[in-house]
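Structural characterization, general
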Amino acid sequence: MTTAYALSFVVGLLGNGLGLFIIFKRSSKGNASTNVLIGNMALADLLVTLFAMPHSVGFLYYQNKWIGGIIGEIGCKLAQFPFVVSIAASILTLLAISVERFWAIYYPLRARKLRKPKVLSSVIWLLAISVFCPYLFSYTVKRTASGQYYCVVEWGDIEETYRTQRLYYLMIFVFLYALPLLVITLLYTLIGVKLWYRKQPGQENARSRRTAIVAKRRILRLLIVLVLVFTVCWLPAHLMHYYMYYDLKAWFNIPVAVKLLSFWICHSNSAINPGIYILLSENFRREFLKTTLGLVCSKAPSLPRTSSSKSRKTGRKATLSSRLFGSRRGGRTVTFV
């Protein structure tokens, strides 16, 4: 499992880091609403990679063992809090994207009212922090009779703690998995019906209308795949939580390897998402290749040329670049999805 987490960490770090660079540096200065929201999800996935994966690897070797003192107490709370907040932010971003796409397709004339991605991103992170703020109060450091410190959850005595945790995780399952999936599925179904069966009025600019519909269908396909991958990746972890809090007998009979694999799958979702962008979004794939080649070429030594050769080279390079990667049209940049 350590090797699996190490591979996911490298892929997630490079993929989400480069994805953030592409989205915010190469796309209309971050003004495209869907791009900013996908960038917000890439940021959340990057935080999952940085916090959740190392924490899980550490748990494989040390479980809940901790250190004492005020540093240990603060560290216990902060070690649990960031990665669950980033997970919640990723889920809420998927929900926000589905709402924004639905509004843009069904109410295009009023879509600008929702197109305040920076404000929406701030709301997403505030909601994520609010949902998991109990972690800052429930996690604490306890010392056993043998003198070993442990970072554990405490809501009172053992029975009260167990009962509270059951209710809390039921709320998490409903509001951060079942309900968002239900809403997203409904909205994307309505969007799909609208796009696939929309009639093209008139013959004027028929090609441009067709191009717009194809682009919207590509966006829809990308977002649906993101949601499906999220559903599949997080289902095993929620099943483990169910057994952990509602069927202890079955929980203790589940092989440890199955438990570890289930939680690794949900964390690896953060490393899979950048690959989905690259595979399903032509514009994102072009920018990914352009950025990667640019980083490689910037390290290569250059040879001096005459002014005439430079101008001819620049002209050929600009033409090739416009053909391969596209260019600004009318002062606007094509979005990545």
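Quick caveat, the model's predicted, so the values are computed rather than measured.

Next up on the list: the state of the cysteines. Following the criterion strictly, the structure yields one disulfide and no others. The residue that forms a disulfide with C76 is C151, at a sulfur-sulfur distance of 1.9 Å. Linking C76 and C151, the disulfide has an S-S dihedral of approximately 80° and is accordingly described as right-handed. One end of the pair, C76, is in helix α3 (residues 69–106); the other, C151, is in strand β3 (residues 149–153), with 75 residues separating them in the sequence. An identical accessibility class is assigned to C76 and C151; each is buried. The closest cysteine sulfur to the non-disulfide-bonded C233 is located on C266, 8.3 Å from its own sulfur.

With that out of the way, let us pick up the nonpolar core. Membership of the largest hydrophobic core comes to 55 residues, with the highest contact counts inside it found for F132, Y135, Y188, L226 and W234. Those elements giving two or more residues to this core turn out to be α2 (33–62), α3, α4 (117–132), β2 (139–143), α6 (158–196), α7 (206–246) and α9 (256–280). For this core, the leading source of residues is α3, giving 15 residues. Dropping the residues within four chain positions of it, W234 is found in contact with I87, Y177, C266 and N269.

It is worth spelling out the pairing of β3 at this point. Of the strand pairs in this sheet, strand β1 (residues 65–66) and β3 are connected by two bridges, and their pairing is antiparallel. Following the sheet pairing, W66 is matched in β3 by Y149. In this structure, β2 lies alongside β3, joined through five bridges in antiparallel fashion. Following the sheet pairing, K142 is matched in β3 by Y150. The antiparallel hairpin formed by β2 and β3 contains five residues in its connecting segment, where G147 sits at a positive phi of about 95°.

With that settled, the discussion passes to the sheet that holds β1. Here we have three strands laid out as an open sheet, ordered β1-β3-β2, and antiparallel in their pairing. At either margin of the open sheet sits one strand with a lone partner, and together these are β1 and β2. Together, β1, β2 and β3 form the strand contacts of α3, whose direction differs from that of β2 by roughly 135°.

On average, the protein chain scores 76 in pLDDT, and the residues at 70 or more come to 74%. Mean pLDDT across the secondary structure elements of the protein chain bottoms out at helix α11 (residues 307–325), with 41, and peaks at helix α8 (residues 248–253), with 88. Confidence drops under pLDDT 50 across residues 305–337; counting only partners more than four residues distant or on other chains, this segment forms 33 contacts.

All right, on to a nonpolar patch on the surface then. Where nonpolar side chains cluster on the molecular surface, the patch consists of L170, M171, F173, V174, F175, L179, L182, V183, Y242 and Y246 and spans about 860 Å² of accessible area. Secondary structure elements with two or more residues in the nonpolar patch: α6 and α7. With eight residues, α6 is the largest single contributor of residues to the nonpolar patch. Summarising the element assignment, Y242 is placed in helix α7.

This part takes up the packing of aromatic side chains. With the rule as written, the count across this model stands at 11 aromatic pairs. Between Y135 and Y139, the ring centres sit 5.2 Å apart and the planes meet at 35°, which makes this aromatic pair tilted. Of the residues examined, Y135 reaches a relative accessible area of 6% and is grouped as buried. For Y139, a relative accessible area of 12% corresponds to the buried category. Aromatic side chains Y169 and Y245 sit 4.7 Å apart centroid to centroid with 20° between the ring planes, which places their arrangement in the stacked category. With a gap of 76 residues between them, Y169 in helix α6 and Y245 in helix α7 connect regions that are remote in the sequence. For Y245, a relative accessible area of 9% puts it in the buried group. Among the aromatic residues, those joined into a cluster by ring pairs are F132, Y135, Y139, Y162, Y168, Y169 and Y245.

Analysis parameters
Residues numbered from 1 in each chain as written. Predicted model: local features only at pLDDT ≥ 70, side-chain atom pairs only at ≥ 80, totals over all residues. Heavy atoms only, no water. Disulfide = S-S within 2.5 Å. Helix = DSSP H or I, 4+ residues; strand = E, 2+ residues; numbered from the N terminus. Buried < 20%, exposed > 50% of the residue type's maximum accessible area, 1.4 Å probe, protein only. Core = buried A, V, L, I, M, F, W, Y, C linked by side-chain atoms within 4.5 Å. Contact = heavy atoms within 4.5 Å. Pairing = 2+ DSSP bridges. Axes fitted to C-alpha atoms, helices over the stretch in contact; angles between N-to-C directions. pLDDT = per-residue confidence, 0-100. Patch = residues over 30% accessible without salt bridge, like charges linked within 9 Å, V, L, I, M, F, W, Y side chains within 5 Å. Areas by Shrake-Rupley, 256 points an atom, 1.4 Å probe, with all protein chains shown as cover. Salt bridge = Lys/Arg side-chain N within 4 Å of Asp/Glu carboxyl O. Phe/Tyr/Trp six-rings, centres within 6.5 Å; stacked < 30°, edge-to-face > 60°.

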